[in-house]
Every structure is written in C-alpha cells, then in structure tokens.
Amino acid sequence: MVDNMQIKQLEEISKGLRRDVVEMVYRTGDGHPGASFSVADIITALYFHIMKIDPTRPDWEDRDRFVLSKGHSCPILYAALARKGYFAPEHLMTLRYLHSILQGHPYAPKTPGLDSTAGSLGNGVAIGLGMALAARIQKKDYQVFVATGDGELGEGLIWEAAMAASHLKAGNLTVYVDNNNYQSGGTVDEVSGPYPIAEKWAAFGWHCQEIDGHDLGQIIKATAIAREVTDKPSVIVARTVKGNGVSFMVGDNTWHKRVYNEAEYKQALRELGGVL
Amino acid sequence: MSIVYDNTRIGFRDGMMELAAERDDIVLVSTDSLKVVKGEPFQERWPDRVIELGIAEQNGVAVCAGLASSGLIPYLCTYAGFLTMRACEQMRTFVGYPQLKARFIGANGGIYGGNREGVTHQFIEDLGILRTIPGYTILCPADGGQVKAAMKASVDIAGPVYIRIGSGREEKVFPDGTPFELGKIRILKSYGNDVALFCNGFILNRVLKAAAELEALGVHATVVEVATLKPLDVEGISAVLASCGCAVTIEDHNVIGALGSAVAEVIAEGAPAVLARLGLQDIYAESGYADELLDAYGMSVGEIVRTAQKTVGKKR
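What you see is a predicted model; the values in this text were computed from it and never measured.

### What about the domain arrangement of chain B?
Residues and elements named next belong to chain B.
Working step 1: The domain boundaries assigned to chain B delineate domain 1 (8-164) and domain 2 (186-313).
Working step 2: Taking only C-alpha atoms into account, the centre of domain 1 sits 26 Å from that of domain 2.
Working step 3: Taken together, the contacts link 31 residues of domain 1 with 33 residues of domain 2.
Working step 4: Looking at the side of domain 1 facing domain 2, the largest losses of area belong to Ile111, Tyr112 and Arg131, adding up to 31% of the total buried there.

### Here we look at the sheet that holds strand 1 (residues 26-30) of chain B
Residue and element names in this part refer to chain B.
Working step 1: One open sheet holds the 7 strands; their spatial order is 2-1-3-4-6-5-10, and the pairing between them is mixed. Single-partner strands in this sheet number two, and they are strand 2 (50-52) and strand 10 (228-230). Strand after strand, the sheet turns through a mean of 20 degrees between neighbouring axes, direction not considered.
Working step 2: Note that strand 1 and strand 3 (residues 73-79) share 4 bridges and pair parallel. Bridging across to strand 3, Ile26 finds its partner in Ile73.

### Some thoughts on the sheet that holds strand 11 (residues 246-254) of chain B
Residue and element names in this part refer to chain B.
Working step 1: Taken together, 5 strands build an open sheet; the order of strands is 7-9-8-11-12 and the sheet is mixed. In this open sheet, the two edge strands, each paired with only one partner strand, are strand 7 (186-190) and strand 12 (274-280). Along the sheet, successive strands turn relative to each other by an average axial angle of 20 degrees, direction set aside.
Working step 2: Inspection of the sheet shows strand 8 (residues 195-199) paired to strand 11 by 4 bridges, in the parallel sense.

### Examining the side chain of Ser234 of chain A
Working step 1: Residue placement: Ser234 of chain A occurs in strand 7 (residues 234-239).
Working step 2: Every residue in contact with Ser234 of chain A, bar those within four places of it in the chain, is listed here: Leu173, Thr174, Val175, Trp206, His207, Ala226 and Val229 of chain A.

### Observations concerning the pattern of salt bridges
Working step 1: This model, assessed by the stated rule, comprises 33 salt bridges over all chains.
Working step 2: Among the ionic contacts, a cluster of salt bridges with common partners joins Glu18, Glu22, Lys148 and Lys152 of chain B.

### Some remarks on the interface of chain A and chain B
Put simply, an interface is often sized by how much accessible area is lost when its parts join up.
Working step 1: Contacts between the two partners involve 24 residues from chain A and, on the opposite side, 24 residues from chain B.
Working step 2: In total, about 1900 Å² of surface goes out of reach between chain A and chain B, with carbon and sulfur atoms giving 64% of it.
Working step 3: At the surface where chain A touches chain B, the tally comes to 0 salt bridges.
Working step 4: There are 5 residue pairs in polar contact (both at pLDDT 80 or more) connecting chain A and chain B.
Working step 5: Breaking the side of chain A that touches chain B down by element, the ones donating at least two residues are helix 5 (124-137) and helix 6 (156-167) of chain A.
Working step 6: In terms of residue count, helix 5 of chain A provides more of the side of chain A that touches chain B than any other element does, 8 residues in total.
Working step 7: Tallied by class, the residues present in the side of chain A that touches chain B amount to 15 nonpolar, 6 polar and 3 charged.

### Some details on the pairing of strand 9 (residues 221-225) of chain B
All names here are of chain B.
Working step 1: Burial analysis of strand 9 places 5 of its 5 residues in the buried class, the great majority of the element.
Working step 2: Going residue by residue along strand 9, you find Ala221, Val223 and Glu225 tucked away on one face and Thr222 and Val224 tucked away on the opposite face as well.
Working step 3: Summarising the sheet, strand 7 and strand 9 pair through 4 bridges and their orientation is antiparallel. Bridge pairing links Ser190 to Thr222 in strand 9.

### Structural notes on the pairing of strand 2 (residues 144-149) of chain A
Residue and element names in this part refer to chain A.
Working step 1: Burial runs high along strand 2: 6 of the 6 residues are buried.
Working step 2: Along strand 2, one buried face is formed by Val144, Val146 and Thr148 and the opposite face, lined by Phe145, Ala147 and Gly149, is buried too.
Working step 3: By the bridge criterion, 4 bridges tie strand 1 (residues 65-68) to strand 2 in an arrangement that is parallel. For Val67, the partnering residue across the bridge sits in strand 2 and is Val146.
Working step 4: Sheet topology places strand 2 next to strand 3 (residues 173-179); 6 bridges connect them, and they run parallel. Residue pairing across strands places Phe145 opposite Thr174, the latter belonging to strand 3.
Working step 5: The parallel pair strand 2 and strand 3, bridged by helix 6, forms a crossover whose chirality is right-handed.

Conventions we followed
Residues numbered from 1 in each chain as written. Chains lettered and ligands numbered in written order. Predicted model: local features only at pLDDT ≥ 70, side-chain atom pairs only at ≥ 80, totals over all residues. Heavy atoms only, no water. Domains from an automatic or database assignment. Contact = heavy atoms within 4.5 Å. Buried area = accessible area lost by both parts, 1.4 Å probe. Pairing = 2+ DSSP bridges. Helix = DSSP H or I, 4+ residues; strand = E, 2+ residues; numbered from the N terminus. Axes fitted to C-alpha atoms, helices over the stretch in contact; angles between N-to-C directions. Salt bridge = Lys/Arg side-chain N within 4 Å of Asp/Glu carboxyl O. Polar contact = N/O pair within 3.5 Å; in protein donor to acceptor, adjacent residues only side chain to side chain. Nonpolar A, V, L, I, M, F, W, Y, C, P; charged D, E, K, R; others polar. Buried < 20%, exposed > 50% of the residue type's maximum accessible area, 1.4 Å probe, protein only. Right-handed = clockwise from strand over helix to strand, strands pointing away.

Okay, structure coming up:
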C-alpha cells in the first residue's frame, strides 16, 4: 500500500506545503496558519497518494473529490494544488489580493483543482454527500473526501448530512475530522463540547476510526479501510495538533489567524526544513 | 361560471416528468416533500433519480450543490420559506456564488399559498430575499401550466433558478400549451393607457377581473404579467410606464422587496410614473381561507379597482 520510502517522501512534501503556507501568510499578511498545519498531513496524503486525480484535467468527471469544509484552512490546500500542478506556484503569493485566483476562502470557479466552494462552516459534509450521490446516479466509482474541523461539529447541518448519508448508505463518502482540539475562541472543551466525537458519528450509523492525524501511514491505511466499507459512510477522527510542525505555534491559539513577524518567519521556515 | 383550477404543484410534478423523460441529468431532491408535490409517479418511474433527505432543508440545498457540481440538475421542491429563509445561506453561498445549475421550487408562495396554515406556512418574503442575492433567476408563474412551461424554459440556464408555486388551488389563467415568456414581461390586456397593472403569480386572475371592471367604469388599463422577476425586463416595464404614466403593482408578497419594489426602482431610475403597491403592507397575515385572505389583506378585485382609480387621479 505504502512503503517507508514513500512515507518519507510524503513527509517531505507535507513540510514543503507548510513552508509554502508560512511564505504565503508572511508575504501576503493574511491567512489562517494554525488550522492549515493541523490538516496538512491529511491533505498531503489525499493529494499526493490517495486521490485519483489528474491536474491536467481538473474537471475530469471520474476524479475523486475533496471538500475542505473547514475552508479557512485553504492556504495549505492552495499549496497542495499548486505543487500538484493545477496552477503556477507564483499564484500562492497573491492569496486574498484583489483579482487573485486564490480567494480568502475556497471558491471553486476561480481556482483550478478546487472541487467545492467552502468557508462558511458546517456545509462540507452535505456538499460531499451530494457529490457521492451523484456518483451513484451516474454509475461512477469515484470517492468523495471531506475534512471538517472539530469546533465545526457544532453546526447542525453536519448532523443533518450525517444522518442522511448513513440512511442513504453513501459508502463512497469519507469524512476526516481534524480534531486539533481548538476553535477560534479556545479549546473545543471550553467552547462547545463536541466530545465524544467518534461515538456521535457511530450513533449516526457511520463506520468510525480514530488515528493520529499526523501519521501519514495511519491516514493512508485508515482511508483504505474506509474505502472497503461500501454500505455506510466512514469517518476518520484524526487527532491533530493546531500549528503542528512549528514549535512556537503549538499550544498558542493566537495562531488560528496571525501573521509571522520576520523572526517568527525565519524560525518557522528553519523548523520546517527550509533554507533561508 | 365555475372556476377552473390548474394546480401549480401538479404543474411542477408534470414538468419533472416531462424533463426526466427527455434527459438523464434531472434529479428530484425531496426534504420529505415528495408527497407535497404528488411526486409518487416520478418516484415509481425513476426511483434512482429521487433523493429523499428527510426534513432537513439546509442539507437539501447543500446536497443540491454537490449534485449540480457533478453535472446533474437537481430540482428541490419544498415550502418556499424553508428554502429561502432556513436554507438561505446555502442558496446564496454554495449555489448562487458558484453559479450552479440547481433549481429550487418554493411551495405555499404568498398568503394564498399558505392560507389556513397560518404565518409559519405563508411565505411573503421569498422573492424579496432572493432578489437581493446575485445570480438567481426568479420566476413567478401564474398557474400549473405556466409552472411546467417555466421549468422547461429555464432548464438550461447556467446559474440557479427559483420558481414560486402555491398549494394547489390556483385558478387556470392561460390556455393549455401557452409557452412561458422567460425574461420578458407579457401584456395580457390592453384596454388602454390610463393605468398599468403589474402583477405576477396566482393572483393574476384577480387582476384580469379588476381590469375588466375598470373598463366598465371607463378606466382603460393595461395588464402586465412580470413572471420573470429577475432578471427584470426593465426596458419592457419602462415602455409601459412611459405609455401609462401611472401604475399599480399587485403581488401576494410583502410590498417590500419583490415586484412592488422592482417597479418602484424602475420608476425612480428613469421612468417617472405614479405608483401604488398592493400586497402585504409589511405585516404578517393570519390563518384563513385563501380567497378570504387576499380580500382581507388588500388584494380583492374591488381594492385593485379602487386603488387603480385613485392612482389615475394622481396623474398630472
């Protein structure tokens, strides 16, 4: 499925995507780096190993789909799309600027490779469900992947979609919960109380797994298991760390949305294996 | 003369049947609303093209976004307010903004549509809400045959479409087979240019009766159907206003936001005319029989006649 050499390569890619995000946030002066880093390894595994995609044909009907329901993490997704070849990496440094192809939150019509508009929380599971049901109607075998946050689980629409997806046996739908334990206002414990997460999805009829969301091998293995489950949708609750990869961002929720100063920028790049 | 009805819900169902027979990208999405629109024949014939999501309208609209982004044309029909109010953000951000080909059919439009159910099921804001959201085509047909024709006329529009329907007791206005005039006003009666009566939806029958009564009183009216509320036929409306110099809008909707506002905007921006707006005067109605409600809330034939006469009197 995946050997150690591939894992090492994926780890390097993931670090590279994080470096792109550091550059984007530092140079453009905006963006959400903390939540980008918690979902970074999931996005790396999807775009560089798991998903059936073709960057030369972003609208290929048979491609796998990905919906970043926690749309504010889009800098890491934009980096992945650029490094995958959907568009030139130079665009990354136009993030959130007027006339950029990279909107503040994902807007599919402007950005090659984006499968869905996102940013208003709570909508991605339902949109992914629509894509998954479209595959059934059109007799296609593509998979649909969605990444949500854990604070995002407070949105009622998540659970509307969860109930319908299991009732409709959407086996080609897999949701990753980026369980970084933080939301904008603090820890999810303090603010909204989503725990126990896996048990909630299980009660809605989903196949559940819990993994280390920064272990690329575990992400790939769990996704393969989810794919084998065809009579119900799958959720992978990924324990992650907000700011993962940069020491001073971990445990400091101001990095939910914050711009690096020059010293922080240099240290972040160094820690991520960058060359200054 | 007995009234002939032309149920707009059946019109929707028949439109779905005809479209699905012709093309394989049509999907019926239900939020436990299949029986509301008598959709059983569709389900029997195309069970694989029905998606039942239960009572969850936000999910319904967002699922439509996923379906539409995958090349299908989903039609979601449920109560107008549960779409445009409860799922307003999904309609705006995930369908309107990316300009997806999803179609939303809002039932129980107006107090006529909601009638005895009361305010929770009487929707007098749907058209106004959607008119403020960029990229929607908004259609307000007059009877069941026109609903079907509107669906067929709008099926290939690149962005989203909203079609308002009622609850099933709509009076037949147009002969069978009358096409829907997408994007254009339609002049239904030209008695003269004393006053223009702008109208849409299933109170068109009342406006036609009022125009005939006005004619008997010596007031020569032009009856204009504005079934496409957006994009608005500004040119057509301006020409009628220039000719008549005064107008009454009649709509089963709050007078703020939809037809009355749209005509007022045209008048203010370049087609000066005297205007009166009939409809819900920024108030909630109450339960009651449909025709009694319209009479009670200022949309009786008599009120249309009186308002037209008064408006003509204000012309210089």
